[in-house]
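Observations on the three-dimensional arrangement
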Amino acid sequence: MKFKKVEQQDIAFLKSIIEKDRIFTEEEISEDFSRDELAGMRNMPEVLVEPISTEETSKIMEYAYEQNIPVTPRGQGTGLVGSAVALYGGIMLNMSRMNNILELDEENLTVTVEPGVLLMELSKFVESNDLFYPPDPGEKSATLAGNINTNAGGMRAVKYGVTRDYVRGLELVLPNGEIMEVGGKIVKNSSGYSLKDLIVGSEGTLGIVTKATLRLLPLPKKTISLLVPFHKLETAIETVPKIIKSKNVPTAIEYMVKDTILSAEEYLGKEFPDKTSDAYLLLSFDGNSKEEVEKSYEVVADICLEAGAIDVLISETQERQESIWSARGAFLEAIKSSTTEMDECDVVVPRNRIAEFVKYSNELKDEFDIRIKSFGHAGDGNLHIYVLRDDLAEDVWKDKLDKVFQKMYDRARELKGQVSGEHGIGFAKKNYLEESLSVDAMTIMRGIKKSFDPKGVLNPGKVS
Amino acid sequence: MKTLVCIKQVPGTTEVEVDDNGNLIRSGVDAKMNPYDLYALETALKLQEDQKGEVSVITMGPPQSKEVIREAYMMGVNQGFLLTDRRFAGADVLATSYTLAQGAYQAGDFDLILCGKQTTDGDTAQVGPEMAEYLGIPHVANVKTIVECKENSLIVEVEMPTSIQTVEVNFPCLITVEKGIFQPRLPSYRLKKKTKYQEITELSLDHFKDINEKRYGLSGSPTQVERIFPPEQNTTSERWEGENLGDKLYQTLVDLKFLYENK
Amino acid sequence: MAKIIVNQEKIKDIDEAIKLCPFDAIEWNEKEREVGITAACKVCMICVNKGPEGAFELEEDDIYIDKSQWKGVAVYVDHDEGQVHPVTHELIGKARELADKIGHPVYAVFIGSDIQKQAEDLRYYGVDEVFVYDNPAFQDFTIEPYTAAFSDFIDKVSPSTVLVGATPLGRSLAPRVAARFKTGLTADCTILDMKEDTDLVQIRPAFGGNIMAQICTPKHRPQFATVRYKIMDAAQRLDKAVGKVTNCEPPKNLASAIRVLDSKAKEIEEDIADAEVIVVAGRAIKKEEDLEMIHMLAKELGGKVAVTRPLIEAGWGDPKTQIGLSGRTVRPKLMITCGVSGSVQFKAGMTNSDYVFAINKDPNAEIFQVAHYGIIGDVYDVIPELLAKMKKSEEVMA
């Protein structure tokens, strides 16, 4: 791909439409903007701009499109696959300043936000109004537009679904600078192809989200968690389909092993309430009364005991929830701090195949003599498997990583799974996507990209 | 070894507010066991595992305080006592300690009484020592480690202003434990099922040795709350620029008592 | 006995009456067919004050105490093996102020072993009389002998008010003595004042600091209060000693069921999560050696050092000292951030800090949004200047 480099006159143009203290070049750009959370690849944008309105975004995009300058939109940079890295330099749009919650519509149960609102800010805001935004990705400091662009899932997907299920309408700036609205506050919509659903999960390649209308639910009054210890990971994971079959749906079903818990303890300097067992399931339930929640968790607790759980431990109070969930929230950072470099595989497989996949990744650990750590959303089949470099030499690491990843993605395909459950494709997983989808599917995807962005200036080099 | 743990039911959150007339705004959030008591409970259960023995809990409060005793049962406690009587109402630290001491007499002979460091509602951290005084037994406060449990004594580490002391205390005694002495276990569903119908012993003033009403509740409370009000928030939001910022910072740290100015 | 009485006929709306109580202590008694008060009652008086006229009434007891028999504001001298804790000087300062309002003397009670010199020294802080219990039995702090000596002092001197530092020791001793005299004790007071009738006005936080309560002990003496370190202003050291030292005969029975086996210096907590003072080094620190000044500052303030992500990635800091939403959340009394930009993750991990000083060159740095004191300047100027100032006062002292 051939793009125009950013020159003085381009900067001058940007300065003509945007205050200059929101434009950064060269050394003024923090190193943070060259990479994302996993930092697997780095490249600096030539200019970093912080728009504060749809109109500004539109004008920049229109200009860049005309001039053939690549544009990479970005939120908090918490992605793991390089979607928000400016591979071709050009203009980076940091959307974080557009962080206002615009409207809470209690009659339609929607909230309208700007793209830079953080997930943690949104949940705090809606919960103070007795409302509930169910998508709950682990990274609470991510922006909503980031969540929308990866179609993030999170812990509560088992019961409530993923981000896509909660996006009602979007305002976009298209690659040519035009402003468009898709969807709306409407509950139903059978009016042609759902462009809104195409944008969700498009990783900033089809348009720039400048406003989002999200669906809310009434806030459940009571939540409790169960920590269920098992002698073996297999037994733990094999219990999951039985729980789902019972029709008492937990909001979350996570699995974790002792090893990961110990890393989190070390990282946080806080003790986990139980670590006598090798493997655990962590279940959450919500409802409107203690009695209601108790009734549904007791059924599930009995299933766990029958399936071989050692006990079922109950966490009800704030302190107890924190002692468990703060560890769960720190798993990624804890694993990261235990090694020099790592890469992640975020495959998703049908829920009844997850045990097989976990077992397989454990076998790979021995086969390739490399540390592999995993935890994940057992309830929705989405795994987070981390391959750790430790003190391997660069070439050995790359070689082992490629081989392990290849094996894992091959196996996921055999199990009728997909490349990414919630972290997206970005740049890092492009090859695996290509391998896993049919030629027709990839052709259609590229066609869609072309319809939105004939010149390919918006977030080039990503997804397809 | 017979151990008694004092527990209390407190509001589910400390985020209470005061309205313009100086009244508490009701939060409507569930009640829970005082988080600091969980550490005392865990200490008792750990000692029981090592020593064999019985762990009992005692609480003073309205009938719904039974919930915290049920929770203690789910953690492995053997016996629970609820001190409930409307004549206990309005008790301050002194009357609460006296009531608990009277209840402890009724509940049995204990080698060791354990209390949490403080509660999240009152925050006084005084009930343990006062109770020990009323029971006429020694107490050790701020215990951060249990070193050894012997047949007739306990060796513990305590936090003093500038040092850590190792002390040995003979039974019977009372200790108050620091947060973090042991990580509290979670209630068990197996035990929940097993103890669902287990009895909770209710005691009222009529069961006590001292039935003088004047020593309990509001009558037995020397302190009186005259008013409550919201705290002042630190709303400082200053910007400093220019020269001698280090000097200014020094002076401000001294003014805020983070540094002592040596004159 | 003092309690809330319900006048049933004055209650029109029973549900409204039940809702009055923030502690759920008002209930409908089905058996008696009347509104009752349960044991959950804290006698907060909300129902009396806010309820229907005359529906709830406080019935009080009559206790009479002759307050003129109790004289003096006494301070317990907190010490560790004879080394007087600075909270003592703060309490003496406050005691003087309180005592002057009612024309009472200021006393100090000093229990320990081989403490004559330290007792003499207290005369330089304006104490009218230092009562000393000097005996080898008081070498280590054990609760029974100390309580016995403290009680002996109260029996002999009858002070009106007793102030004790809310140190681990004070919080163990004060309640024990208060219970022995069956009198009131108010813990962790942040404000103290004196009424004309010698009642001590005690203001303290409750519910984790979310509310403040003003408490009095109107019918009992002495009135006990504990006060934390660094709340009150310390008494100034005088040029000349005043008052006198009185040695007291210790009580007879000084036996204890407690034996101190060992005593070692307290190590500074490793975990930043519990630290009261945290100095944070951020991106502006250019070289690893430069962290030295951050460590020096933390040491001077008795605090811990934390670092932000760029420094961890550079390998200069321990990931365990990274503050953030998915790392450690902290709530120190004092935080000084040095060249920290203030990422979302970082801010979310420290929003509950009491005093935040942020030093940063960039006036637009995000950290300034959450700082109480935003210092727009270079850490390489500000911190050396601050350290020099600290050093200077140390030299003056020496």
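Parameters at a glance
- Residues numbered from 1 in each chain as written.
- Chains lettered and ligands numbered in written order.
- Predicted model: local features only at pLDDT ≥ 70, side-chain atom pairs only at ≥ 80, totals over all residues.
- Heavy atoms only, no water.
- Helix = DSSP H or I, 4+ residues; strand = E, 2+ residues; numbered from the N terminus.
- Buried < 20%, exposed > 50% of the residue type's maximum accessible area, 1.4 Å probe, protein only.
- Contact = heavy atoms within 4.5 Å.
- Areas by Shrake-Rupley, 256 points an atom, 1.4 Å probe, with all protein chains shown as cover.
- Lys, Arg positive; Asp, Glu negative; His and termini not counted.
- Charge placed at Lys NZ, Arg CZ, Asp CG, Glu CD.
- Pairing = 2+ DSSP bridges.
- Axes fitted to C-alpha atoms, helices over the stretch in contact; angles between N-to-C directions.
- Salt bridge = Lys/Arg side-chain N within 4 Å of Asp/Glu carboxyl O.
- UniProt positions renumbered as here; feature names shortened; annotations may be inferred.
- Polar contact = N/O pair within 3.5 Å; in protein donor to acceptor, adjacent residues only side chain to side chain.
- Buried area = accessible area lost by both parts, 1.4 Å probe.
- Nonpolar A, V, L, I, M, F, W, Y, C, P; charged D, E, K, R; others polar.

A tally of helices and strands in chain C yields 10 helices and 22 strands. When burial is assessed residue by residue, chain C has 58% of its 398 residues classed as buried. Partitioning the contacts of chain C with sequence separation of at least 6, the portion at a separation of at least 24 is 62%. Accessible area of chain C: about 17200 Å², with a carbon and sulfur share of 48%. Charged side chains in chain C number 48 positive and 62 negative. The centres of these two groups are separated by 0 Å.

Structurally, the α-helix is built with 3.6 residues per turn, so residues lying three or four positions apart point the same way. Within helix 6 (residues 245-255) of chain B the residues assigned to the buried category are Leu245, Gly246, Leu249, Tyr250, Thr252, Leu253 and Val254 of chain B. Immediately downstream of helix 6 of chain B, the backbone of Lys257 of chain B shows phi near 65°, a positive value.

Residues and elements named next belong to chain A. Judged by pairing direction, the sheet is antiparallel, and its five strands sit side by side in the order 5-6-10-8-9 without closing on themselves. This sheet does not close on itself; its edge strands, each paired only once, are strand 5 (101-105) and strand 9 (179-183). The average undirected angle you get between the axes of adjacent strands in this sheet is 15°. Taken strand by strand, helix 2 (residues 54-67) contacts strand 8 (167-173), strand 9 and strand 10 (208-215), and its axis lies near 50° from that of strand 8. Along the sheet, helix 3 (residues 119-128) contacts strand 5, strand 6 (110-113) and strand 10; its crossing angle with strand 6, the most-contacted strand, is approximately 140°.

As a further point, take the pattern of salt bridges. A full pass over the atoms with the stated rule returns 82 salt bridges over all chains. Among the salt bridges present, the one from Glu171 of chain A reaches Lys211 of chain A, with a minimum N-O distance of 3.8 Å. A residue pair is termed long-range when its members are at least 10 positions apart, and Glu171 of chain A in strand 8 and Lys211 of chain A in strand 10 qualify at 40 residues. Taking relative accessible area as the criterion, Glu171 of chain A reaches 9% and is therefore assigned buried. Of the charged contacts in the structure, one is a salt bridge between Glu133 of chain B and Arg176 of chain C, with a shortest N-O distance of 2.8 Å. In this pair, Glu133 of chain B is assigned in helix 4 (residues 127-135) and Arg176 of chain C in helix 6 (residues 170-180), connecting two distinct chains. Each member of the pair, Glu133 of chain B as well as Arg176 of chain C, is classed as buried. It is possible to trace a salt-bridge network through shared partners that takes in Glu31, Asp32, Arg35, Glu37, Arg42 and Lys336 of chain A together with Arg283, Arg309 and Glu313 of chain C.

Attention now moves to the UniProt feature "domain: Electron transfer flavoprotein alpha/beta-subunit N-terminal" (unreviewed entry) in chain C. Feature annotation in UniProt places "domain: Electron transfer flavoprotein alpha/beta-subunit N-terminal" (unreviewed entry) on residues 73-262 of chain C, given in this structure's numbering. When the span residues 73-262 of chain C is considered, its composition is 26% helix and 33% strand, and the gap between its end C-alpha atoms is 35 Å.

Time to look at the UniProt feature "binding site: FAD" (unreviewed entry) in chain C. With numbering aligned to this structure, UniProt lists the feature "binding site: FAD" (unreviewed entry) at Arg283, Thr308, Arg309, Gln322, Ile323, Gly324, Leu325, Ser326 and Asn360 of chain C. Residue Gln322 of chain C is classed as buried on the basis of its relative accessible area of 15%. Aside from chain neighbours lying at most four places away, what touches Gln322 of chain C is Tyr267 of chain A together with Val307, Arg309, Ile312, Gly327 and Arg328 of chain C. Considering the arrangement of structural elements, one finds Asn360 of chain C in strand 21 (residues 355-360). Once you skip the residues sitting within four places of it in the chain, Asn360 of chain C turns out to touch Gly339, Val340, Ser341, Ala365, Ile367, Phe368, Ile375, Ile376 and Gly377 of chain C. Within the local environment of Asn360 of chain C, its side chain forms a polar contact with the backbone oxygen of Val340 of chain C, the two atoms lying 2.9 Å apart.

On to the interface of chain C and chain B. Accessible area lost when the parts come together is the quantity often used to give the size of an interface. With 108 residues of chain C at the interface, the matching set in chain B holds 91 residues. Across the chain C/chain B interface, buried area totals approximately 9000 Å², and carbon plus sulfur atoms make up 57% of it. Viewed at the interface, chain B and chain C are joined by six salt bridges. One can count 31 residue pairs in polar contact (both at pLDDT 80 or more) joining chain C with chain B. In terms of residue class, the side of chain C that touches chain B is made up of 55 nonpolar, 22 polar and 31 charged. Across five bridges, the pairing between strand 14 (residues 224-229) of chain B and strand 14 (residues 211-216) of chain C is antiparallel. Bridge pairing in strand 14 of chain C links Val225 of chain B to Ile215 of chain C.

Chain A puts 19 residues into the contact, and the matching count from chain C is 14 residues. When chain A packs against chain C, close to 1400 Å² is buried across both sides, 43% of that on carbon and sulfur atoms. It is Met120, Tyr267 and Leu268 of chain A that lose the most area in chain A upon contact with chain C, and together they represent 31% of the buried surface on that side. Between Arg309 of chain C and Glu37 of chain A there is a salt bridge whose closest N-O contact spans 3.3 Å. Taken together, the links from chain A to chain C amount to eight residue pairs in polar contact (both at pLDDT 80 or more). Residue assignment for the side of chain A that touches chain C shows that the elements contributing at least two residues are helix 8 (258-268) and helix 10 (318-337) of chain A. Counting residues per element, the side of chain A that touches chain C draws most heavily on helix 10 of chain A, which supplies five residues. Within the side of chain A that touches chain C, the residues separate by chemical class into five nonpolar, six polar and eight charged.

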